[in-house]
Amino acid sequence: MEEEGNKGYLGVTPPINTHESNDREKQVTATLMEELRRQKTFESEDEAKTREIVLGRVAALVKSFVKQVSMANGLSEAAAEAAGGKIFTFGSYRLGVHGPGSDIDTLCVVPKHVSREDFFDVFEQMLRSTDGVTEVSGVPDAYVPIIKSKISGIPIDFLMARLALSIIPDDLSLQDDNLLRNLDDRCIRSLGGSRVTDQILRLVPNVSVFRDSLRCIKLWAQRRAIYSNVNGFLGGVAWSMLVARICQLYPNAIAGAIVSRFFIIMYQWAWPQPVLLKQIEDGPLQVRVWNPKLYPGDRSHRMPIITPAYPAMCATHNVTASTQMIMTEEFKRGADIVDKVIVGTAQWSELFAKHDFFHKYKYYLQIIASTGDQNLQIKWSGTVESRLRQLVMKLEFVESLLLAHPFIKGFEQVSYCISEEEFRLVASGETTEAITSRKKEDIEGVEGARPVYSTTFYIGLAIAPKQPGSTGPRKLDISWPTTEFTKMVKLWDKFDEVKMGIVVRHIKSTALPDRVFDAGERQPKPNLKKRPKPAKADNRSNNVSPDLPASKKARSSSYLNPEPANGYSGAAPISSLQALPTPTPSAGYANVNSAADIKTPQLPFGENVAVATGVGGP
């Protein structure tokens with residue numbers, strides 16, 4: 001821990017309360033830790049050893065990669081060997097809050113003669129050829145370019161930073177701001193993860209309390225399906241900075257008290273007031289520092305949480321109006337439950353109850369990305385997912401739509417098809433019992449048969465209730481958002497109209513597939529009349545199955561009849577929805593615009609949340 005200057009406290013404001021936790025807070029902290037162990041948030045010793053072994057192999061692989069590229073650039077073998085290369089872990093693993101199956105965020109630091117193209121061409125291929133590697137997926141166009149992989153069962157996300165150095169020594173430290181000289185924005189962002197993680201650990205008053213509290217908040221955010229930076233919620237670094245800020249405000253409190261204050265303060269936070277762990281520092285380098293007074297883009301950030309390492313950046317630029325509203329509701333739910341835990345009328349397990357996303361809405365959008373190749377599907381679905389936030393933001397402009405709620409992960413499926421009609425059905429989100437029950441061995445030797453790999457993403461639609469006195473059908477036109485989204489994903493430079501499918505369609509909640517629910521979770525479906533035979537694919541899809549010529553692409557339908565006469569509540573592709581039945585919006589969504597609108601629940605003991613926002617940004 002390092003106190004800033006001589007002011008005697010960490011952070012940009014004095015603490016709210018410096019008292020030690022009371023006996024009741026110590027009791028609930030003990031029960032919290034018991035619950036976290038029961039929830040299996042701690043990894044086993046065997047897994048910890050496996051991680052160390054895998055990281056050792058990765059470190060050697062990075063050095064080999066640098067050597068190979070160096071020699072290809074004309075360096076002698078001795079010079080190539082000396083060029084070095086080093087890995088730095090960051091994120092949950094570096095913070096010490098990772099759990100079983102957690103990924104390891106790994107930064108590969110390379111010398112100046114190794115390019116980003118080398119990283120995605122040479123290093124990615126070396127990964128594929130490494131023993132024990134089962135998945136490799138590069139996303140070079142991401143905001144922070146990344147290669148996702150799995151080695152010996154351990155997920156590892158690789159970033160790359162190319163320093164303006166000829167040699168990367170084994171004892172390199174990344175704390176020197178001058179290392180950022182002459183780097184492009186992507187390298188600076190990639191370096192940020194490691195530099196930010198180290199700063200967070202320096203800026204909390206008690207690392208052990210911070211880790212225990214963060215374990216709780218991470219588990220809660222994951223269970224409530226709001227742990228995802230790419231989909232417009234908060235990622236790991238943002239959640240860790242929020243917890244670190246509460247730790248600064250209560251330097252002598254223990255985990256139970258920190259978690260309790262976390263929910264209350266975050267619910268009351270006056271966004272877009274930024275969350276800062278230290279004052280934003282300027283510097284001599286020609287790099288952009290977060291400054292809403294200077295940059296219009298920074299002014300648009302709805303929930304700015306600012307990284308403590310130079311150059312300061314907003315870790316939450318992906319947050320949209322919808323995802324902010326959803327998180328605000330979750331902060332209130334968390335505050336209410338923890339309050340009951342403290343007074344003894346609830347258990348910690350209630351805080352970690354599974355989300356209700358697939359029960360919450362009457363209408364959903366399905367976004368289906370499909371290909372005929374497993375490796376290509378990883379890249380294609382990752383590209384589609386990285387752009388889903390843009391679809392959400394476009395949907396937010398649609399009249400009568402209160403919010404568009406993205407789910408935080410896609411659902412992958414492999415279907416073994418034996419005809420073009422089956423290819424089209426699967427790529428447009430449909431299936432039959434025959435397709436579902438077919439296995440890989442069933443299509444071996446069958447002419448024209450092949451697998452279709454699909455990933456389905458979901459967005460819940462909260463629709464405003466029909467206004468009293470209004471007459472006639474309402475029209476919810478989402479043709480512009482869906483069309484623009486489809487155009488946008490097809491602008492990917494590696495998009496192949498023949499090999500890749502993208503379909504956006506509307507379904508009712510009763511038509512959600514069983515695979516999105518846990519066993520026994522789904523309520524019995526209402527009795528429906530026999531489902532009619534699906535229409536031919538060219539009336540059901542705005543794209544078709546993989547590997548079909550573009551000339552066979554299907555036409556999209558313009559309108560959906562939301563209440564078919566036969567009672568079938570199935571799905572259809574959409575450009576617009578017309579005359580939708582009035583759903584009941586989720587509680588809290590219709591009237592909550594920001595956390596500042598409602599000031600309950602309150603902090604205990606007369607504590608004042610305004611103390612925490614006494615110092616703003618630049």
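Keep in mind it's a predicted model, so treat the numbers as computed, not measured.

About the thresholds
Residues numbered from 1 in each chain as written. Predicted model: local features only at pLDDT ≥ 70, side-chain atom pairs only at ≥ 80, totals over all residues. Heavy atoms only, no water. Salt bridge = Lys/Arg side-chain N within 4 Å of Asp/Glu carboxyl O. Helix = DSSP H or I, 4+ residues; strand = E, 2+ residues; numbered from the N terminus. Buried < 20%, exposed > 50% of the residue type's maximum accessible area, 1.4 Å probe, protein only. Expected span 1.5 Å × (residues − 1). Polar contact = N/O pair within 3.5 Å; in protein donor to acceptor, adjacent residues only side chain to side chain. pLDDT = per-residue confidence, 0-100. Contact = heavy atoms within 4.5 Å. Pairing = 2+ DSSP bridges. Axes fitted to C-alpha atoms, helices over the stretch in contact; angles between N-to-C directions. Core = buried A, V, L, I, M, F, W, Y, C linked by side-chain atoms within 4.5 Å.

The next thing to look at is the pattern of salt bridges. Across all of its chains, the model carries 29 salt bridges by this definition. Across the salt bridge formed by Asp184 and Arg116, the nearest N and O atoms sit 3.9 Å from each other. Here Asp184, found in the loop between β5 (154-162) and α6 (185-203), pairs with Arg116, found in helix α5 (residues 116-128); they are 68 residues apart in sequence, far enough to count as distant. For Asp184, a relative accessible area of 35% puts it in the partly exposed group. One salt bridge connects Arg128 with Glu124, and the closest N-O pair in it is separated by 2.8 Å. Residue Arg128 and its partner Glu124 are located together in helix α5, separated by 4 residues, close to a single helical turn. Judged by relative accessible area, Arg128 falls into the partly exposed class, the value being 27%.

This part is about helix α7 (residues 207-223). The terminal C-alpha atoms of α7 lie 24 Å apart, and with 17 residues this matches the ideal 24 Å at 1.5 Å per residue to within 8%. Here α7 has its buried residues at Val209, Phe210, Ser213, Leu214, Arg215, Cys216, Ile217, Lys218, Leu219, Trp220 and Ala221. At the N-terminal boundary of α7, the capping side chain belongs to Asn206, with an oxygen 3.1 Å from the backbone nitrogen of Ser208. With its phi angle positive at about 60°, Ala225 sits one or two positions after the end of α7.

Here we come to the confidence of the model for the protein. With 85% of its residues at a pLDDT of 70 or more, the protein has an overall mean of 85. At the level of individual helices and strands, the protein shows its lowest average pLDDT in strand β12 (residues 559-560), which scores 34, and its highest in helix α12 (residues 348-351), which scores 98. Low pLDDT, under 50, characterises residues 528-599; the stretch is placed with 184 contacts to residues that sit more than four places away or in other chains.

Secondary-structure assignment places Glu25 in helix α1 (residues 23-38). Leave out the neighbours within four places in its chain, and Glu25 touches Ile254, Ala257, Arg261 and Phe605.

When you line up the elements, Arg195 lands in helix α6. The exposure class of Arg195 is buried, given its relative accessible area of 4%. Spatially, the C-alpha atom of Arg195 lies 9.3 Å from that of Thr307, the residues being 112 residues apart in sequence. If sequence neighbours within four positions are ignored, Arg195 has contacts with Leu174, Gln175, Asp176, Asp177, Leu180, Ala309 and Tyr310. Of the polar contacts made by the side chain of Arg195, one reaches the backbone oxygen of Tyr310; its length is 2.6 Å.

Think of an α-helix as turning once every 3.6 residues; residues three or four places apart then point the same way. Judged by how many residues are buried, helix α15 (residues 388-395) sits mostly within the fold: 6 of 8 residues are covered. For α15, the complete set of buried residues consists of Leu388, Arg389, Leu391, Val392, Lys394 and Leu395.

Another aspect to go through is the sheet that holds strand β3 (residues 133-139). Pairing is mixed in the open sheet, where 5 strands are placed in the order β1-β2-β5-β4-β3. Among the strands making up the open sheet, the edge pair consists of β1 (86-90) and β3. Averaged over all pairs of adjacent strands, the angle between strand axes in this sheet comes to 25°, irrespective of strand direction. With 7 bridges joining them, strand β2 (residues 104-110) and β5 adopt parallel strand pairing. Directly across from Asp105, in β5, lies its bridge partner Asp157. Strands in contact with α6 are β1, β2 and β5; relative to β5, the strand with the most contacts, it is inclined by about 120°.

Turning our attention to the nonpolar core. Within the largest apolar cluster, 84 residues are counted, with the highest numbers of intra-cluster contacts made by Trp220, Trp239 and Phe262. In terms of residue count, the dominant contributor to this core is helix α9 (residues 255-268) (10 residues). Residues in contact with Trp220, not counting those within four places in the same chain, are Ile226, Trp239, Phe262, Phe263, Glu330, Phe331, Arg333, Leu351 and Phe352.

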